[in-house]
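Architecture and fold: a report
Here's the letter readout for the chains.
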Amino acid sequence: MLKFVLLLSFVAVALAEPSIYFKDYFAKNDWEKRWLTSESKDDFGKFKLTAGKFYNDEEQDAGLQTTQDARFYAVSSSFDSFSNKGKTLVVQFSVKHEQNIDCGGGYVKLFPGTLNQKKMTGDSEYNIMFGPDICGPGTKKVHVIFQYKGKNLLIKKDIRCKDDEATHVYTLIVKPDNTYEVLIDNTVAQTGGLEADWDFLPAKEIKDPEASKPEDWDDREKIPDPTDTKPEDWEKPEHIADPDAKKPEDWDDEMDGEWEAPMVDNPEYKGEWEPKQIDNPDYSGKWVHPMIPNPEYVADDELYAYDDFGVIGLDLWQVKSGTIFDNFLMTDDADFAKSECENILSTTVKGEKKMKDAHDEEERKKREEEEKKTAEETDEEDADADADELDEDEEDATDMDEDSTEADETEDAIEQESAGKDEL
């Protein structure tokens with residue numbers, strides 16, 4: 001009996017454990033052994049492993065960073081193939097646009113295991129594409145694209161992505177009941193049904209092609225009053241000669257022609273007369289085209305399901321490089337993913353913010369010191385200029401005193417000479 005109880009306990013624990021299909025947090029500096037760069041082009045941009053400028057733990061927070069501007073990037077990593085039929089699928093990863101991105105992708109693609117990674121291109125068929133995409137002020141959205149019967153289907157709702165320089169965690173949850181959730185930093189950004197929010201299937205109903213509005217159907221709610229008549233004094237010209245205008249005194253009829261007053265809007269003009277509107281006694285209501293079941297509609301309870309996931313990839317274009325991708329996770333347990341995200345938010349995100357705030361504070365102090373130094377230098381220059389001006393004023397005053405003294409001496413000499421002449 002005890003063995004049976006223990007066996008049941010082990011089974012319960014096994015069932016409770018999440019299935020982790022893929023996980024790469026880049027804890028080891030051997031990412032190039034796990035991620036393969038496509039060889040379909042020889043000028044794909046290069047990645048490097050780094051935590052960036054700000055981090056909580058430089059080694060633990062390292063991720064793949066784009067390093068070359070105006071490049072396509074194409075890397076992928078494979079894992080044991082699995083199907084999500086009958087299971088929840090969770091895709092989660094973090095993105096940090098450290099370069100203050102202006103235009104570029106930040107999304108992942110989930111491919112079937114049949115993908116030839118060395119030949120991966122932007123045209124390679126994928127199952128799901130998910131993540132942020134930014135291009136100028138007009139495009140700042142989260143892509144959620146499903147491949148269904150050879151077509152890539154875009155979500156019909158708008159999901160705005162983050163566009164700052166901090167780390168953000170993006171999570172997609174696809175459930176077996178054909179519903180989904182998109183979370184950003186463990187906060188729901190969008191939720192709904194797959195059939196409603198994507199064009200997986202044709203419409204359930206279509207307009208009856210055999211039906212048409214009856215010829216005697218009157219859908220005019222109002223009609224002109226047939227008894228209404230136009231008033232006799234209604235007709236007035238739209239423009240009249242300006243009654244206040246006067247012919248200029250220098251107007252020459254022979255030279256300038258016959259003078260005519262300029263035209264102005266007629267204040268009595270009432271516009272085109274129309275009879276008043278009354279309720280239409282024959283109003284039949286708004287005609288609604290009858291709907292019928294769409295013969296092309298076939299329900300699909302497995303819109304969410306794919307037979308084969310086997311590769312995750314970064315296939316994107318960036319004008320300005322510097323984005324860091326990290327914390328890749330694929331699992332069947334939404335709660336486990338949320339716990340992992342919470343750990344990232346409480347360590348990596350919190351730590352990098354603390355480091356950035358300290359850096360910004362230090363930069364602020366440096367700016368203040370530089371501004372203070374510049375102000376002091378300006379004050380010194382102004383003081384030196386004032387001193388030079390004062391010296392010049394004193395020199396001018398001394399020169400004026402000397403000139404005054406010389407003038408007085410000259411005047412005295414003239415007076416003495418004049419007095420001597422008078423004595424003679």
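Here we summarise the structure given alongside this text.

Conventions used here
Residues numbered from 1 in each chain as written. Predicted model: local features only at pLDDT ≥ 70, side-chain atom pairs only at ≥ 80, totals over all residues. Heavy atoms only, no water. Phe/Tyr/Trp six-rings, centres within 6.5 Å; stacked < 30°, edge-to-face > 60°. Helix = DSSP H or I, 4+ residues; strand = E, 2+ residues; numbered from the N terminus. Buried < 20%, exposed > 50% of the residue type's maximum accessible area, 1.4 Å probe, protein only. Lys NZ or Arg CZ within 6 Å of the ring centre and 35° of its normal. Salt bridge = Lys/Arg side-chain N within 4 Å of Asp/Glu carboxyl O. Pairing = 2+ DSSP bridges. Contact = heavy atoms within 4.5 Å. Disulfide = S-S within 2.5 Å. Polar contact = N/O pair within 3.5 Å; in protein donor to acceptor, adjacent residues only side chain to side chain.

Attention now goes to the packing of aromatic side chains. One pass over the full model with this rule turns up 19 aromatic pairs. Aromatic side chains Phe72 and Trp317 sit 4.8 Å apart centroid to centroid with 55° between the ring planes, which places their arrangement in the tilted category. Linking Phe72 in strand S5 (residues 71–82) with Trp317 in strand S21 (residues 309–318), this pair joins segments that are 245 residues apart in sequence. The exposure class assigned to Trp317 is partly exposed, which follows from its relative accessible area of 32%. Ring centres 6.0 Å apart and planes at 90° place the aromatic pair Phe93 and Phe130 in the edge-to-face group. Taken together, the residues span a long stretch of sequence, with Phe93 in strand S6 (residues 89–97) and Phe130 in strand S9 (residues 128–135) at a distance of 37 residues. Of the residues examined, Phe130 reaches a relative accessible area of 1% and is grouped as buried. The rings of Tyr21, Phe22, Phe26, Trp35, Phe79, Phe82, Phe93, Phe130, Tyr170, Tyr306, Phe309 and Phe328 are connected pair by pair, giving a single aromatic cluster. A cation sits over an aromatic face here: Lys23 above Tyr25, 4.8 Å from the ring centre. Directly above the aromatic system of Phe44 lies the positively charged group of Lys41, at a separation of 5.5 Å from the ring centroid.

Before going further, it helps to spend a moment on the pattern of salt bridges. Enumeration over the complete set of coordinates arrives at 25 salt bridges. When the shortest N-O distance is used, the salt bridge between Lys366 and Glu363 registers 3.9 Å. Separated by three residues within a single helix, Lys366 and Glu363 lie in helix H4 (residues 334–423), roughly one turn from each other. You can call Lys366 partly exposed: its relative accessible area is 39%. Overall, Glu363 belongs to the partly exposed group, its relative accessible area being 28%.

On to the pairing of strand S10 (residues 139–148). Most of S10 is tucked away: seven of the ten residues are buried. Strand direction decides the pairing type here: S9 and S10, joined by eight bridges, are antiparallel. Bridging across to S10, Ile134 finds its partner in Lys140. Taking the residues between adjacent antiparallel strands as the criterion, S9 and S10 are bridged by three residues, where Gly136 takes a positive phi near 70°.

Summarising the element assignment, Ala62 is placed in the loop between strand S3 (47–50) and strand S4 (63–66). A residue is classified by how much of its surface remains accessible, and Ala62, at 7% relative accessible area, is buried. When the C-alpha atoms of Ala62 and Leu49 are compared, they prove to be 6.0 Å apart, with 13 residues separating the residues in sequence. For Ala62, the residues in contact, after removing those within four places along its chain, are Tyr25, Phe26, Leu49, Thr50, Ala51 and Asp326.

Covalent bonding between the sulfur atoms of two cysteines defines a disulfide. Counting across every chain of the model gives one disulfide. In this model Cys103 forms its disulfide with Cys135; the gap between the sulfur atoms is 2.4 Å. The sign of the -80° torsion about the S-S bond sets the Cys103-Cys135 disulfide as left-handed. Taken together, the residues span a long stretch of sequence, with Cys103 in strand S7 (residues 103–105) and Cys135 in strand S9 at a distance of 32 residues. A relative accessible area of 14% means that Cys103 is categorised as buried.

We now examine the side chain of Asn127. Considering the arrangement of structural elements, one finds Asn127 in the loop between strand S8 (108–111) and S9. Accessibility expressed as a relative area gives 5% for Asn127, which makes it buried. In this structure the side chain of Asn127 is engaged in a polar contact, spanning 2.8 Å, whose partner is the backbone oxygen of Asp308. For Asn127, the contacting residues outside a window of four places in its chain are Leu110, Phe111, Pro112, Ile145, Phe146, Gln147, Tyr306, Asp308 and Phe309.

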